[in-house]
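Working through the structure, step by step
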Amino acid sequence: MGTVAVESTTEIRPFHIDVPEEELANLRRRIEETRWPEKETVSDQSQGVPLAVIQKLASYWATNYDWRTCEARLNALPQFVTQIDGLDIHFIHVRSQHEDALPLVVNHGWPGSIVEQLKIIDGLTDPTAHGASPIDAFHVVIPSMPGYGFSGKPTSGGWGPERMGRAWAELMQRLGYDRYVAQGGDWGAFVVDQMGVQALEGLLAIHTNMPATVPADVDRASLAGEPPPAGLSPEERRAYEQLIRTYAQVEYARMMAARPQTLYGIADSPVGLAAWLLDHNDADGQPAAAVVAALDRPSSDTGALTRDEVLDNITLYWLTNTGVSASRLYWEYKGGFFNAKGVSIPVAVTVFPGEQYQAPRTWAEQAYPNLIYFNEVDRGGHFAAWEEPELFSEELRAAFGSMR
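So, here's what we can say about the structure. In this text, all values refer to a predicted model and were calculated from it rather than measured experimentally.

1. Side note on the overall build of the protein
Of the regular secondary structure elements, the protein holds 17 helices and 10 strands. Relative to the compact-globule value of 22 Å for 404 residues, the protein shows a C-alpha radius of gyration of 20 Å, a close match. Split into buried and exposed, the 404 residues of the protein put 58% on the buried side. Taking as baseline every contact in the protein between residues at least 6 positions apart, the subset at least 24 positions apart corresponds to 74%. Entry remark: accessible area of the protein is about 16,200 Å², with carbon and sulfur atoms responsible for 49%. With 31 positive and 53 negative side-chain charges, the protein shows a spacing of 4 Å between the two charge centroids.

Structure, rendered in structure tokens:
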């Protein structure tokens, strides 16, 4: 599947992906032998991923999709593995040609992976090729979270966002970076928030595209599905209504938080895994509208999400058998979701319109007293780096400009 060099506790070892052909043949066979249920009894997507949608995707996956293209793209990048706190951590590390570039660790989420961030690497490491200045350059580090992709799978509990934050600090130190910034969305946003709470040595600032800003009284009311507290501004009222909508369509998260080990079907069936990974929500509905739209997009000249990119991510989960191990992160985490966490270090926030909720500036200023950047953009959603790579890169350059 993947190979590493000599084993060592702290050594950083090169990593190369080489999936045996028989594993790809087995994947195709399993897709073709899927036992399908009957069609849903409704005309919308309220019962889950429609049969016609997943059958169309499965047909393409089994006959036309080529994993080797994604494998080659990953292998063209410098990949490594190092052991941190007893667990192998896989990561991409691309240094800019500009030696004074700002080191940046980027965090993915669920149901994503390092595949989410591939399209932003060039814009961050080589800004001059994208119309920006050499002073906007980053050295980019993209780790696979424990239990995801080619990182190790924890064999005992305790690998939540707090521990991951400390692990990324160790990783950056091990790479020789004594000052750096961090970025995260989805679960990656939880990780960078925890890094900020821990005020880790060398961490200059964090950027989040899924900020945790909800005041305590609003958080309690939204979780209970109660009417909004009095005195909310129009922007805050909008955010409250979005929170209510989000909490009404997160059944997948509740299942993973309660019984992740029961999800044996997603380890045994590629189509079962694909449907599970597709059935998550964004601001435009469930399944996530941006991902569903990509299933009918064979290519894109603008960087928009495509069918093959969605399958790259799903296939990575299948080949590494990480459907269940990735799900356990929901079980591990016992804190709140969008509530303020108490981050005091410098924080930058970008609000994308397709996010789970659009954080108002008033809430962001309360949650992050050292808010150094806040911007509401007009496009992009929950997987912003995947959907709008150029815009996402621009936001990071602007957000961390004062850190250089």
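Now that the structure has been shown, we can carry on.
2. What to know about helix α3 (residues 67-75)
Among the residues of α3, those classed as buried are W67, C70, E71 and L74. Down the axis of α3, the buried set is contained in an arc of 100°. They therefore lie on one face. The elements touched by buried residues of α3 are β2 (13-17), α1 (21-32), β3 (79-84), β4 (87-94) and α13 (307-320).

3. A short note on the nonpolar core
W67, W110, W187, M195, L278 and F400 are the most contacted members of the largest nonpolar core, which totals 127 residues. Per-element tally for this core: the top contributor is α13, with seven residues. Among residues more than four places away in sequence, those in contact with W110 are Y148, D186, W187, Y252, M256, W276, L277, H280, Y317, A326 and Y330.

4. Here's the deal with helix α5 (residues 161-174)
Here α5 is 14 residues long and its end C-alpha atoms lie 20 Å apart, about the 20 Å a rise of 1.5 Å per residue gives. Taken residue by residue, α5 has P161, R163, M164, G165, A167, W168, A169, L171 and M172 as its buried positions.

5. Side note on unusual backbone geometry
Of note, the bond from W110 into P111 is cis; its omega dihedral lies within 30 degrees of zero at 5°. Looking at the element boundaries, P111 is found in the loop between β5 (102-107) and α4 (121-125). In this structure, D186 is a non-glycine residue whose phi angle is positive, near 50°. Inspection of the secondary structure assignment puts D186 in the loop between β7 (180-184) and α6 (187-198).

6. With respect to the pairing of β4
Taking burial as the measure, the eight residues of β4 include seven buried ones, the bulk of the element. Bridge analysis of β3 against β4 gives six bridges, and the strand direction is antiparallel. Its bridge partner being in β4, V81 is matched across the sheet by H90. What sits between the antiparallel neighbours β3 and β4 is a turn of two residues, in which D85 has the positive phi angle 55°. Taken together, the four bridges between β4 and strand β6 (residues 138-143) define a ladder with antiparallel strand orientation. Bridge pairing in β6 places V94 opposite V140.

7. Concerning the packing of helix α7 (residues 216-224) against helix α8 (residues 234-247)
Look at α7 against α8: their axes get within 9 Å of each other, and the N-to-C directions meet at 40°. As judged from the angle between their axes, α7 and α8 are oblique. The chirality of how α7 crosses α8 is right-handed. For the pair α7 and α8, contact is made by V218, D219, A221, S222 and L223 and by Y240, L243, I244 and Y247, respectively.

8. A look at the packing of helix α2 (residues 51-63) against α13
If you want to describe how two helices pack, look at the angle between their axes and the distance between the axes. At their nearest, the axes of α2 and α13 sit 11 Å apart, and the two run at 80° to each other. If you check the angle between α2 and α13, you find them roughly perpendicular. Taking contact as the criterion, the partners of L57, Y60 and W61 in α2 are, on α13, R307, D308, L311, I314 and T315. Across the contact of α2 with α13, the residue classes break down as five nonpolar, one polar and two charged.

Criteria and cut-off values
- Residues numbered from 1 in each chain as written.
- Predicted model: local features only at pLDDT ≥ 70, side-chain atom pairs only at ≥ 80, totals over all residues.
- Heavy atoms only, no water.
- Helix = DSSP H or I, 4+ residues; strand = E, 2+ residues; numbered from the N terminus.
- Rg over C-alpha atoms; globule rule 2.2 N^0.38 Å.
- Buried < 20%, exposed > 50% of the residue type's maximum accessible area, 1.4 Å probe, protein only.
- Contact = heavy atoms within 4.5 Å.
- Areas by Shrake-Rupley, 256 points an atom, 1.4 Å probe, with all protein chains shown as cover.
- Lys, Arg positive; Asp, Glu negative; His and termini not counted.
- Charge placed at Lys NZ, Arg CZ, Asp CG, Glu CD.
- Arc of directions from axis to C-beta.
- Core = buried A, V, L, I, M, F, W, Y, C linked by side-chain atoms within 4.5 Å.
- Expected span 1.5 Å × (residues − 1).
- Pairing = 2+ DSSP bridges.
- Axes fitted to C-alpha atoms, helices over the stretch in contact; angles between N-to-C directions.
- Parallel < 35°, antiparallel > 145°, perpendicular 65-115°, else oblique.
- Left-handed = near helix turned anticlockwise from the far one by under 90°.
- Nonpolar A, V, L, I, M, F, W, Y, C, P; charged D, E, K, R; others polar.

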